[in-house]
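# Secondary and tertiary structure notes
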Amino acid sequence: MSAAVTSPIAATSFAQQRRGCRAGSAVRCSAAAPTSAAAPILADLRLQCAAPLPVLRRVADAMAADMRAGLAADGAGELKMIPSHVYSLPTGNETGLFYALDLGGTNFRVLRVQLGGKDKRVVDTEFEQVSIPKEIMRGTTEELFDFIAMGLSRFVATESDKFHLPQGRKREIGFTFSFPVKQTSIDSGILIKWTKGFAVSGTAGKDVVACLNAAMERQGLDMRVSALVNDTVGTLAGAHYWDDDTMVAVILGTGTNACYIEQTETIPKLQHLVLGTRNTIINTEWGAFSDGLPLTEFDREMDGESINPGEQIFEKTISGMYLGEIVRRVLVKMAQVSDLFGHSFPKKLAEPFVLRTPHLCAMQQDNSDNLGEVESILNDIIGASQASLEARKTVIQVSDSIIRRGGRLAGAGIAGILEKMENESKGQIFGRRTVVAMDGGLYENYPQYREYMKEAVVELLGPEQSKHIAIEHTKDGSGIGAALLAAANSKYAAQF
Ligand code: ADP
Ligand code: MG
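An account of the accompanying structure is given in this report. Everything numeric in this text was worked out from a predicted model, so none of it was measured. (Residues numbered from 1 in each chain as written. Chains lettered and ligands numbered in written order. Predicted model: local features only at pLDDT ≥ 70, side-chain atom pairs only at ≥ 80, totals over all residues. Heavy atoms only, no water.)

## Regarding the overall build of the protein chain
Assigned secondary structure in the protein chain consists of 18 helices and 13 strands. Each principal axis of the C-alpha distribution contributes one length, and for the protein chain these read about 90 × 50 × 40 Å. Burial analysis of the protein chain (496 residues in total) assigns 55% to the buried set. About 20700 Å² of surface is accessible on the protein chain, with carbon and sulfur atoms providing 52% of the total. Charged side chains of the protein chain number 51 positive and 58 negative; the gap between the two group centres comes to 3 Å. (Helix = DSSP H or I, 4+ residues; strand = E, 2+ residues; numbered from the N terminus. Buried < 20%, exposed > 50% of the residue type's maximum accessible area, 1.4 Å probe, protein only. Areas by Shrake-Rupley, 256 points an atom, 1.4 Å probe, with all protein chains shown as cover. Lys, Arg positive; Asp, Glu negative; His and termini not counted. Charge placed at Lys NZ, Arg CZ, Asp CG, Glu CD.)

Rendered as structure tokens:
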């Protein structure tokens, strides 16, 4: 890991420090309590965030137990365990032209792919990204879906002769929609609520596929939505297309989620359906998990001030949106009791979410002796122009504690899913090669986080079993994955 992580800082307790202060004169106190007054806070933080093996074990077991509860009945556990209604995964034999539409953040993406079957696979692919104006994110359902349908229509108009649609067929779309949806079939689902800054009126309670179809009709666009999928499910389908040992997909980006292939006979809440297939994908919505997580005062305060207090606690502990903010809160406390950033408190540090996970990442890659990059980030982002070398080292150590805990807990979640799967399939997971497909900006860009996560998986599973587990990055699995699911669920496809 980063060289700066090992710098020793005296571990006197916070209480001792305060007593020392009161006993001495005011002058001595401020002169003798510079950066080192932050040391007890760091020591406490490290202890609370250590996530040693027994804690990871408890988390993995609780995750597995909660998965079982959620599969038994809706609302029985913290994990929703949402059936994806995906019963046909892409096999590699798919051929033809398919589109995908991805709505899940501040951009929507459109993509087309020409599939060439077993040998040729992906013959050609093109995509475009359109940013969604703020007023559309807060407008009406019709305005949002008209905006999307117009973007799609413009993109379809640029289709060149590299792409071929057989005569008499409609263009088919896989629609990646990363908001909570009550899925009713592979090609329909009702929006439960908007999240991530969307506040579009009139959509909750409606079938989002019907909304898209209506907008496409208004645009005179004759296409058909063949699959509605969550981004995690799209990632699993995309990764499985290239490597059919893929059984689990995890997204670690702004938020986090995981899905996996489950045997239909072990899903009690689906037993009333006659499914006729052995497997399906379950979207865990694991961000909602909270049982046994090692949390600090900083996590509790951040949660209390969030727009969804008490919800998404696992997400708030391990995902990209929050890690920088947790570190900022620790630094605020340190700056209040010590001269960590000089005599005056840097004003910008008081601003929630000003310090972002990519900043932590950039600081942790600084291997120079004087931590010059750390200095310039602290200066630019929080306005700390007087951070001593000792202060810079402290910031790295705080970041590392939070990143390490996040990575280790994400690893415990993965081990929990794998152990649950192994338990019910005896030998199907640890007796052979099993791939966990990873995607998301946090996983992709933060090497330390990635390493901590993988280490935790190995610690939990042991060297023998973890030999069979491959944790692999799939770039843009979800976009292609949605198009592949449209192909696998094409109304023109032969029955599999
Ligand atoms: P989303 O999750 O919104 O679909 P991404 O998967 O691209 O989007 O993830 C974006 C998130 O990834 C950012 O919010 C940020 O937390 C994290 N991230 C992006 N770049 C970096 C980086 N260089 N280092 C660490 N985290 C990053
Ligand atoms: Mg995403």
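## Describing the side chain of Asn 257
Structurally, Asn 257 is set in strand β10 (residues 256-263). Look at Asn 257 and you get buried, because its relative accessible area is 6%. A polar side-chain atom of Asn 257 sits 3.3 Å from the main-chain amide nitrogen of Trp 286. The residues contacting Asn 257, other than those within four sequence positions of it, are Asn 230, Thr 232, Ala 249, Val 250, Ile 251, Asn 283, Thr 284, Glu 285 and Trp 286. (Polar contact = N/O pair within 3.5 Å; in protein donor to acceptor, adjacent residues only side chain to side chain. Contact = heavy atoms within 4.5 Å.)

## Structural notes on the packing of aromatic side chains
Using the criterion set out here, one finds 12 aromatic pairs in the structure. Centroid distance Phe 177 to Phe 179: 5.1 Å. Interplanar angle 55 degrees. Geometry classified as tilted. When its relative accessible area of 3% is taken as the criterion, Phe 179 is described as buried. Ring centres of Phe 289 and Phe 314 lie 5.7 Å apart, and the angle between their planes is 85 degrees; this geometry places the pair in the edge-to-face category. Of the two residues, Phe 289 sits in the loop between β11 (279-283) and α10 (297-304) while Phe 314 sits in helix α11 (residues 313-318), which places them 25 residues apart along the sequence. The exposure classification of Phe 289 matches that of Phe 314, with both residues buried. Through pairs of rings, three or more aromatic residues link up here, namely Phe 175, Phe 177, Phe 179, Trp 194 and Phe 198. Over the aromatic face of Phe 163 sits the side chain of Arg 112, whose NZ or CZ is 5.3 Å from the ring centroid. (Phe/Tyr/Trp six-rings, centres within 6.5 Å; stacked < 30°, edge-to-face > 60°. Lys NZ or Arg CZ within 6 Å of the ring centre and 35° of its normal.)

## Quick word on the site of ligand 1
Taken together, Gly 253, Thr 254, Gly 320, Met 321, Thr 357, Pro 358, Cys 361, Gly 440, Gly 441, Leu 442, Asn 445 and Tyr 446 are the residues near ligand 1. Take Gly 320: an N or O atom from its main chain is 3.3 Å from an oxygen atom of ligand 1. The contact in question runs from a nitrogen atom of ligand 1 to an N or O atom on the side chain of Asn 445, over 3.3 Å. Burial of ligand 1 by the protein amounts to 62% of the accessible area it has alone, namely 570 Å². Broken down by secondary-structure element, the contributors of at least two residues to the shell around ligand 1 are α12 (320-337), α13 (357-364) and α16 (441-445). Split by residue class, the shell around ligand 1 holds 5 nonpolar, 7 polar and no charged. (Near = heavy atom within 4 Å. Nonpolar A, V, L, I, M, F, W, Y, C, P; charged D, E, K, R; others polar.)

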